[in-house]
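# Architecture and fold: a report
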Amino acid sequence: MPDATPLEAAMPMDEAAMRAVDRALAAMRRGEAVAIETADGSVGAAVSVESVAIDAVQRLMQLTGASPVLAVTRRRAMVLKLMEEGTGVVALSLPRCLTADEAHALADPEHRPDGNMPDGLTATAMDPGSRETAAVDLARLARLLPAAIVAPAPGHAGSAAAWAAEHDLLLVRARDIADYRVHVVRTLRRVAEARVPLSGAENTSIAAFRPIDGGPEHLAIIVGNPVEGEPVLARLHSECFTGDLLGSLRCDCGQQLRGAIAEIARHGSGVLLYLAQEGRGIGLVNKLRAYRIQDRGFDTVDANEILGFEADERVYLPAAEMLRQLGFNAVRLMTNNPEKLRQLARCGIEVVERVPHIFPANGHNEGYLRTKAERSGHMF
Ligand SMILES: Nc1nc2c(ncn2[C@@H]2O[C@H](COP(=O)(O)OP(=O)(O)OP(=O)(O)O)[C@@H](O)[C@H]2O)c(=O)[nH]1
Ligand SMILES: [Zn+2]
């Protein structure tokens, strides 16, 4: 899980910068190229590998006059056996221009699982402030595959802004992409609240918290009247469309969700934070991709990594921020996941007790539960 920059480390981010990142995310999801400026003032262009078609690689070459590279996460480069253990982003390049098909085959495990590498492929670790790192972070924030085609515009005269305007591209700074996630998280605002009686928990209300970028809201399901300032019985529940809504048997989320609300009601009061972090933060589309990889015999951790993600991409700043705004600085946390305990404490919330939250396997999710215990340290 990429470490969330501690709140205090992030510099203030102005509205224009946040808006630029937000617009670049939408452009990347539409398959458009975006211009990325690095700290040295140089500029280049990037396009998500998900939407790269033959012409997109050619277009990037025409735009910039340079041969594009494919930027992937270190995790993906390790899966391709091109790099040793490490973190960050890796640029994959050829002595000639990569074709769109080659880029897809390298970045997307579904595209051509045979894994044959083109001859002459080189892998280069990129700096945190590089355009390649920014492009991969942008794709990850856009809940796309964490990979992009990137090309510098070496010969551009004038400013990055002038070059971007000349080529009708949205311009975003690499530094702002790096800061974006922390700022979006720390600017959660409570935007609505209503009483919603639930079966077995009739004295319940739901409060919605919206991040400043207008992204998906996080919800607080408040059962009974927990006393502010006292340790509250709490569950941090990451959204699982398939488990929570459809009753999927591939995981234990649905039982954990309804079981937590019933447990909190039995206790008398508490809060369940329903966090917009589907797929341990990789989004529903990528989780479905991960399921297909699991159907080829890999486990839930390997599947994330084969896609180029960390085993867990979640950040816990939203949960900590919501708890603080609800008046709680200490919790009795209903979880089996040690990482949640560590991360919540790291975000300044005191975990006074771990309350086990275990449900029996259902004949379909033994592997999932076993992997959580054996590879993610879950305490069952
Ligand atoms: N990437 C990925 N995510 C999955 C898979 N199965 C379930 N998930 C996601 O895993 C998350 C489970 O979240 P939680 O139940 O809150 O937390 P947990 O990490 O299981 O730990 P507990 O608090 O002990 O339940 C949800 O976002 C699910 O969508 C999978 O195979 N791959
Ligand atoms: Zn689930």
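Residues numbered from 1 in each chain as written. Chains lettered and ligands numbered in written order. Predicted model: local features only at pLDDT ≥ 70, side-chain atom pairs only at ≥ 80, totals over all residues. Heavy atoms only, no water.

## Observations regarding the pattern of salt bridges
Counting across every chain of the model gives 24 salt bridges. Overlapping salt bridges bring together Arg75, Glu85, Glu305 and Glu310 as one network. (Salt bridge = Lys/Arg side-chain N within 4 Å of Asp/Glu carboxyl O.)

## What about the UniProt feature "active site" (unreviewed entry) in the protein?
UniProt marks Asp312 and Arg314 with the feature "active site" (unreviewed entry), using the numbering shown here. Relative to the assigned elements, Asp312 resides in the loop between α12 (300-306) and α13 (317-325). Accessibility expressed as a relative area gives 12% for Asp312, which makes it buried. Mapped onto the elements, Arg314 comes out in the loop between α12 and α13. (UniProt positions renumbered as here; feature names shortened; annotations may be inferred. Helix = DSSP H or I, 4+ residues; strand = E, 2+ residues; numbered from the N terminus. Buried < 20%, exposed > 50% of the residue type's maximum accessible area, 1.4 Å probe, protein only.)

## What to know about the sheet that holds strand β8 (residues 189-195)
Sheet strands pair by backbone hydrogen bonding; their relative direction is either parallel or antiparallel. Read across the sheet, seven strands follow the order β8-β9-β10-β12-β11-β13-β14 without closing on themselves; strand pairing throughout is mixed. Looking at strand neighbours, the two that pair on one side only are β8 and β14 (350-355), the edges of this open sheet. The average angle at which neighbouring strand axes cross in this sheet is 25°, direction not considered. By the bridge criterion, six bridges tie strand β9 (residues 204-210) to strand β10 (residues 218-223) in an arrangement that is antiparallel. Bridged to Phe209 within β10 is His218. Across the sheet, helix α9 (residues 253-267) is in contact with β10, β11 (232-238), β12 (270-275) and β13 (330-334); its angle to β11 comes to roughly 165°. In the packing of α13 onto the sheet, the strands contacted are β8, β9, β10, β11, β12 and β13, and the crossing angle to β12 comes to about 145°. (Pairing = 2+ DSSP bridges. Axes fitted to C-alpha atoms, helices over the stretch in contact; angles between N-to-C directions. Contact = heavy atoms within 4.5 Å.)

## With respect to the nonpolar core
By size, the foremost hydrophobic cluster in this structure holds 39 residues, and its most contacted members are Leu60, Leu70, Val72 and Leu92. Ignoring anything within four residues of it in the chain, the contact list for Leu70 reads Val49, Val90, Ala91, Leu92, Leu98, Ala103, Leu106, Ala107, Ala147, Ala148 and Ile149. With 29 residues, the next largest nonpolar core counts Val21, Val34, Val136 and Leu138 among its residues. (Core = buried A, V, L, I, M, F, W, Y, C linked by side-chain atoms within 4.5 Å.)

## Some points on the packing of helix α1 (residues 15-29) against helix α7 (residues 174-186)
Look at α1 against α7: their axes get within 10 Å of each other, and the N-to-C directions meet at 100°. As summarised for this structure, α1 and α7 are arranged roughly perpendicular, according to the angle between their axes. The residues of α7 that touch α1, namely those facing Ala17, Met18, Val21, Asp22 and Leu25, are Asp176, Ile177, Tyr180 and His183. Among the residues making up the contact of α1 with α7, the classes are represented as six nonpolar, one polar and two charged. (Parallel < 35°, antiparallel > 145°, perpendicular 65-115°, else oblique. Nonpolar A, V, L, I, M, F, W, Y, C, P; charged D, E, K, R; others polar.)

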